[in-house]
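What the coordinates show
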Number of protein chains: 2
Amino acid sequence: MKDLTPTVTTGPLPASRRVWHAGKRHPDIRIPMREIDLHSTAGEPPVTVYDSSGPYTDPEAEIAIDRGLPRLREGWVAARGDTESYGARHVKPEDNGFAEGARLVPEFPVCHAPRRAAGRRAVTQMAYARAGIVTPEMEFVAIRENLGRKAQAAKQARDGESFGAAIPDVITPEFVRDEIALGRAIIPANINHPEAEPMAIGRNFLVKINANIGNSAVTSSMAEEVEKMVWATRWGADTVMDLSTGRNIHNIRDWIIRNSSVPIGTVPLYQALEKVGGVAEDLSWEVFRDTLIEQAEQGVDYFTIHAGVRLHMIPMTVDRVTGIVSRGGSIMAKWCLHHHRESFLYEHFDEICDIARAYDVSFSLGDGLRPGSIADANDEAQFAELETLGELTQIAWAKDCQVMIEGPGHVPMHKIKANMDKQLQVCGEAPFYTLGPLTTDIAPGYDHITSGIGAAMIGWFGTAMLCYVTPKEHLGLPDRDDVKTGVITYKIAAHAADLAKGHPAAQIRDDALSRARFEFRWEDQFNLSLDPETARSMHDETLPKEAHKVAHFCSMCGPKFCSMKISHDIRADAQRDGMERMAEKFREGGNLYIPLEDKA
Amino acid sequence: MKDLTPTVTTGPLPASRRVWHAGKRHPDIRIPMREIDLHSTAGEPPVTVYDSSGPYTDPEAEIAIDRGLPRLREGWVAARGDTESYGARHVKPEDNGFAEGARLVPEFPVCHAPRRAAGRRAVTQMAYARAGIVTPEMEFVAIRENLGRKAQAAKQARDGESFGAAIPDVITPEFVRDEIALGRAIIPANINHPEAEPMAIGRNFLVKINANIGNSAVTSSMAEEVEKMVWATRWGADTVMDLSTGRNIHNIRDWIIRNSSVPIGTVPLYQALEKVGGVAEDLSWEVFRDTLIEQAEQGVDYFTIHAGVRLHMIPMTVDRVTGIVSRGGSIMAKWCLHHHRESFLYEHFDEICDIARAYDVSFSLGDGLRPGSIADANDEAQFAELETLGELTQIAWAKDCQVMIEGPGHVPMHKIKANMDKQLQVCGEAPFYTLGPLTTDIAPGYDHITSGIGAAMIGWFGTAMLCYVTPKEHLGLPDRDDVKTGVITYKIAAHAADLAKGHPAAQIRDDALSRARFEFRWEDQFNLSLDPETARSMHDETLPKEAHKVAHFCSMCGPKFCSMKISHDIRADAQRDGMERMAEKFREGGNLYIPLEDKA
């Protein structure tokens, strides 16, 4: 028993409480948010922020990793009466890479019988949306996205450039349904992952971020991966992809899914390749199909499917500086070349959709030919594949399957917008889900930053979810610290995008923090930040005493030079004298004055 | 003797040599660059990169901090025959904040008599440029900017969007002269700082970065600041601002300037305020003027002057969320309000120009009313000041003074371009020099990233120099690690901007690194990166053995999954079969094929 039950990080963030809003259409649903309390001197209500952290930050919740999270959506799925329990696929030795004995990660202790659609029905959120049904998932998402913005929206003028998105002032359940029905948003929600809290990915919703975790043949264990998942969601990951490639893939994934309150994505091809001993040319539709069912039964919420890599595109990559850098893309390219055949993923996409619709697994159509360097950005291979992804989107939609589209990669700033524009054009406004993009190749060790720049921009332009890049990109697997750095960097990018798009109420947190800064409420400044611990510890490096938490200065300028303190003096003068009288005085001030009215 | 001679970081970066190119017009000048050697298997010449590190990375150079750097430009200045040595101002007790005994930082051991213009002549690079003279500084800069691009330019197609900049294929000394004459670029080069290696700041040159250092009343010492300066330039800072605000300002600055191979900027107002005991209303033109001369004699290369903050603008800031956040701006606002008078900086700007032209101190016209929060971006106060900076630019140019314009601050992405457009419009294309901007307020502790996003974008749009922001922004003074993180982040932003603008040859380093990555030349990948130490150590965390430095995989995927390895197999197949025959085979491949020709 090498892998015992993992320990994960729990407990609330500073000054934060997990609170719940109730549904109206579905009064039994409880939608979580986080409220950050401010100091009493602020005279302001708590600031409500989106909360992806699940029960782990709730001190009332009982966390038992070996039992898994409460099955929140189980009743909702059952109530629809369109699914059935059935004799599931048996776990095979190859599912765990033939790991045995002490090398085998133990099975997850609780076994849940999987469900699937009864008959040939579609049990996807898209099918319900098209049928005019507002599911509890849709209402959950609507309330979650609003963050109580109704009360705030009146106060804050809309301001932004959304490049043709259609972001409403308030998200209603009907709006969610419409967006899902149109394919412009997805709710990744496998019926076999009822532990997850529903969330939406779409251009008219808050920009989301994904964190990749997963072991490899070279490193890391189940306990580490479970903790990385909890840790990533604590800091704001909206979904987590388990990209494990070593042994024990099946069992590790079970531990992750049963304990995850966010949707879990995978690249089933990775596990399929393990099953054929790592020899790409030995892959077959049968092995792949078996893997899809295995993972759908476990509850994977979205599958990356590299069905856009087609035989005729491969020569387009031969003169590239970095060839094919997507693992899935290169595996499929090798298979196609070896057999000199069209990709089995492309040829069987219809059947793949049939599996997805029976469990509501969403698609993340993989960009197997994404550029791996600045030199290869926006080339023929990349855009040829994107057009194919557009074709596949239509096939999936015809089967009521939910779809998002993966995007690059490495792209210099001046070529980023073309990616978004083309994706919108050829993929019918299906949500875009990009990796960065990295805006230069010259900073390994800092690719969270090279890519955070591109991510913020493409998020602004309309990308619905940003896949994080950690400092270890190109160098190694991220550890716990790297995961946090990646998540925080991408929360910055996503939030900067929300601000620039003009999401109603997105600026509330910025304004609250800025007021705290201006009023020297240091604790509030820390607590409102994306990473209170880091903000506080940096402040305390130079001014550690408690008295400095109320000091009207910091170590940057010291008390004499503090511009904010001087600004307060100015404001106090203005209040004492009356702003109007003060302005009068300025008007009298002489010939240098430009009348204020003329400038309004 | 608390402060002994500082120890600074010396020695070359990995696989790097400092090399020199000779001038043609001025054959005696030697222009430094850095060459990074690649592994012999690469079959590629060394990669030449811009080098701001000065003699410190040259193992041949003898470094003696207590004697200062060689006085590179002394002969050039003397040869012009338009300056004179004179009885300089004596150092006064208030110059060092009345520090005495053990608290007084020792004077720099070598005393150089300052020079100034003979008579009322202008000794600025702008004056020479307008007179049609190509100075050694201008030729130095031309060769430095080219980085041997002449040989490379033919190979690399120009690609980018420069928003109306006029970036030539090759920078000639005449082009530099023209840009300086037009005011579109500056070479900050005080005649009393002959140790500095000339560099240009302008929209048609490589984007530059500035690092702020400096002690405060609360923390840090002379030795630390000198090392921070050397350390910042080692990683790529093109200029350094000494923003010290505590005691010993004069003596610390002397140590910094005498050992700096990059231009040094200051905010003279900070020292002036110290001289009047920190009471803003006690400032006077006389104290300020005395400080300008003191600093000009020491060799400060550019002054931030907050002359754009005018009396009538102050009421515009009262309803802001964060008031006035520029220290200089708030000091001047307080002075103006207290005396109810127009700013003495504005009223005496003409005389300030007379001082600057006698030493060739460039101006960085300060944005005292820059926004300190997302809420305050692009408001009336900010743009009113910017218009005034445009006025002041004309006054300075009329006196042959070199000028750049400071910009924000905190700006959401959708409001960034308006800043650049307005600056170009109202400031006659004088170089823009921005602090970030930060694209959200919610991530203290990560403001190098929130601002790196904005910096990359505004650099692309045309900003000539980006002032770094470190992780400690808003929280404390940066230490050595923070300085490095800030510099690397801003090198990323500046380089991403160069790529997007389409600077000729900017992509050479990206391509070289990407080829190294694709060919598993791990050492080359580390050595070509902005921070080789960090890249290497991150790689070695999981694969420390020497054998892994040539491994055809890394810890991310392990050997079976490596997409690059598979790409190599594909390329090898293609080479074996002949690419044309392979493409033929694809064409025969059947009905799924879309002819390649149709897609060109």
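What you see is a predicted model; the values in this text were computed from it and never measured.

Moving on, we come to the overall build of chain A. Counting its regular elements, chain A contains 21 helices and 15 strands. What you see for chain A is a C-alpha radius of gyration of 25 Å, in line with the 25 Å of a compact globule of 600 residues. Judged by the C-alpha coordinates and their principal axes, chain A covers about 85 × 55 × 50 Å. By residue count, 69% of the 600 residues in chain A fall in the buried class. By sequence separation, contacts in chain A at least 24 residues apart represent 76% of the contacts at least 6 residues apart. Only carbon and sulfur atoms are counted for the fraction: they give 51% of the accessible area of chain A, which is about 19,100 Å². In chain A, 66 side chains carry a positive charge and 85 a negative one; their mean positions are 3 Å apart.

Another point: the relation of the copies chain B and chain A. For the pair chain B and chain A, the superposition axis carries a translation of 0.0 Å, the fit reaches an RMSD of 0.0 Å, and the rotation angle comes to 180 degrees. The relationship between the two copies is best expressed as a two-fold rotation axis. When each C-alpha of chain B is compared by its distance to the rotation axis, B:I453 comes out closest, at 2.3 Å. Most of the interface of chain B is mirrored in chain A: 99% of its interface residues are interface residues there too.

The next subject is the domain arrangement of chain A. Along its sequence, chain A is organised into domain 1 (66-503) and domain 2 (554-599). Centre-to-centre, using C-alpha coordinates, domain 1 of chain A lies 52 Å away from domain 2 of chain A.

Further remarks concern helix α13 (residues 380-398) of chain B. Here α13(B) contains 19 residues, and its C-alpha end-to-end distance of 28 Å stays within 8% of the 27 Å for a straight helix at 1.5 Å per residue. B:D400 occupies a position one or two residues after α13(B) and carries a positive phi of about 65 degrees.

So, about the sheet that holds strand β2 (residues 30-36) of chain A. Residues and elements named next belong to chain A. In spatial order, the strands read β1-β2-β3; together these 3 strands make up an open sheet with antiparallel pairing. The strands lining the two open edges of the sheet, one partner per strand, are β1 (16-22) and β3 (47-49). Across the sheet, the axes of successive neighbouring strands diverge by a mean angle of 40 degrees, strand direction being ignored. Contacts from helix α3 (residues 136-146) reach β1 and β2 within the one sheet, and its direction differs from that of β2 by about 15 degrees. Here helix α17 (residues 507-518) sits on the sheet in contact with β2 and β3, set at roughly 140 degrees to β3.

All names here are of chain B. The first and last C-alpha atoms of helix α10 (residues 327-339) sit 18 Å apart over 13 residues, in line with the 18 Å expected at 1.5 Å per residue. Of all 13 residues in α10, 10 are buried; the element is thus mostly enclosed. Every buried residue belonging to α10 is among R327, G328, G329, S330, I331, M332, A333, W335, C336 and L337, and all of these are buried. The backbone nitrogen of G328 lies 3.4 Å from a side-chain oxygen of the residue at the head of α10, namely S326. Backbone geometry just after α10 places H340 at a positive phi near 40 degrees.

Tallying the contact residues gives 131 residues for chain B and 131 residues for chain A. In total, about 11,000 Å² of surface goes out of reach between chain B and chain A, with carbon and sulfur atoms giving 70% of it. Our count for the contact surface shared by chain B and chain A stands at 4 salt bridges. Its salt-bridge partner being B:E541, residue A:K472 comes within 2.8 Å of it at the nearest N-O pair. Here chain B is connected to chain A by 20 residue pairs in polar contact (both at pLDDT 80 or more). Top contributing element to the side of chain B that touches chain A by residue count: helix α16 (residues 480-501) of chain B, with 10 residues.

For the rest of this paragraph, the subject is the sheet that holds strand β1 (residues 16-22) of chain B. All names here are of chain B. What the 3 strands build is an open sheet, ordered β1-β2-β3; its pairing is antiparallel. In this open sheet, the two strands that pair with only one neighbour each are β1 and β3 (47-49). In this sheet, neighbouring strand axes are inclined to one another by 40 degrees on average, regardless of whether the strands run parallel or antiparallel. The pairing of strand β2 (residues 30-36) with β3 spans 3 bridges and is classified as antiparallel. Counterpart to E35 in the pairing with β3 is T48. Taken strand by strand, helix α3 (residues 136-146) contacts β1 and β2, and its axis lies near 15 degrees from that of β2. Against the sheet, helix α17 (residues 507-518) touches β2 and β3, its axis set at about 140 degrees to β3.

Residue and element names in this part refer to chain A. Here strand β9 (residues 239-242) shows a buried face lined by T239 and M241 and a second buried face lined by V240 and D242. As defined by bridge partners, strand β8 (residues 208-213) adjoins β9 across 4 bridges and the pair is classed as parallel. Across the sheet, N210 pairs through a bridge with T239, a residue of β9. Sheet topology places β9 next to strand β10 (residues 264-266); 2 bridges connect them, and they run parallel. Within the sheet, the bridge partner assigned to V240 lies in β10 and is I264. At this point the chain moves from β9, through helix α7 (residues 249-258), to the parallel β10, and the crossover so formed is right-handed.

Counting across every chain of the model gives 26 aromatic pairs over all chains. Ring centres of A:F163 and A:F461 lie 5.3 Å apart, and the angle between their planes is 85 degrees; this geometry places the pair in the edge-to-face category. Taken together, the positions of A:F163 in the loop between α4 (149-153) and α5 (173-182) and A:F461 in helix α15 (residues 447-461) put the pair 298 residues apart, joining distant regions of the chain. Given a relative accessible area of 8%, A:F461 falls into the buried group. With centroids separated by 6.4 Å and ring planes inclined at 40 degrees, the aromatic side chains of B:W522 and B:F526 adopt a geometry described as tilted. Of the two residues, B:W522 and B:F526 both sit in helix α18 (residues 522-527), 4 residues apart, roughly one turn of that helix. On the basis of relative accessible area, B:W522 is assigned to the buried category, the value being 4%. An aromatic cluster of three or more residues is present, and its members are A:W285, A:F288, A:W335 and A:F344. Over the face of the ring belonging to A:W231 we find A:R480, whose NZ or CZ atom lies 3.6 Å from the ring centre. The positively charged end of B:K422 is found above the aromatic ring belonging to B:F383, 5.4 Å away from the centroid.

Criteria and cut-off values
What you see as residue numbers is a count from 1 along each chain, following the sequence as written. Chain A is the first chain written and ligand 1 is the first ligand written, with later ones labelled in order. Predicted model: local features are reported for residues with pLDDT of at least 70 only, side-chain atom pairs are reported and counted for 80 or more only, and whole-chain, interface and lining totals are derived from all residues. Calculation of side-chain values draws on the structure's entire complement of heavy atoms; hydrogens and water are dropped beforehand. Each helix corresponds to a stretch of at least 4 residues labelled H or I by DSSP, and each strand to a stretch of at least 2 residues labelled E; elements are numbered beginning at the N terminus. The globule rule used here is 2.2 Å times the number of residues to the 0.38 power, and the radius of gyration it is set against is calculated over C-alpha atoms. Only protein chains enter the calculation, and the probe is 1.4 Å; a residue is then buried if its accessible area is under 20% of its type maximum, exposed if over 50%, and partly exposed in between. Every residue pair with non-hydrogen atoms within 4.5 Å of one another is taken to be in contact. Where accessible areas are quoted, they stem from the Shrake-Rupley method and a 1.4 Å probe; at the residue level, only the protein chains shown are allowed to cover. Here Asp and Glu are counted as negative and Lys and Arg as positive; His is not counted, and neither are the chain ends. A charged residue contributes its charge at one atom only: NZ of Lys, CZ of Arg, CG of Asp or CD of Glu. Least-squares fitting of one copy onto the other uses the C-alpha atoms of those residues that reach a pLDDT of at least 70 in both copies. Here the limits of each domain have been adopted from an automatic or database domain assignment. To estimate how far a helix should extend, the number of its residues minus one is multiplied by 1.5 Å. In this analysis, strands are considered paired if DSSP registers two or more bridges between them. Here an axis means a line fitted to C-alpha atoms, over the contact stretch when the element is a helix, while the angle between two N-to-C directions is reported on a 0 to 180 degree scale. The definition of a polar contact used here is a pair of N or O atoms within 3.5 Å, where within protein one atom must be able to donate a hydrogen and the other to accept one, and adjacent residues in sequence count solely through side-chain atom pairs. Accessible area, probed at 1.4 Å, shrinks when two parts are joined; the buried area is that loss added up over both. Salt bridge, as applied in this entry: a Lys or Arg side-chain nitrogen positioned within 4 Å of an Asp or Glu carboxyl oxygen. The crossover handedness rule: strands pointing away from the viewer, path from first strand over the helix to second strand clockwise, crossover right-handed. Aromatic rings from Phe, Tyr and Trp, with only the six-membered ring used for Trp, were paired whenever their centres fell within 6.5 Å, and each pair was classed as stacked if the ring planes differed by under 30 degrees, edge-to-face if by over 60, and tilted otherwise. Placement of a positive charge over a ring is assigned whenever Lys NZ or Arg CZ falls within 6 Å of the ring centre and within 35 degrees of the normal to the ring plane.

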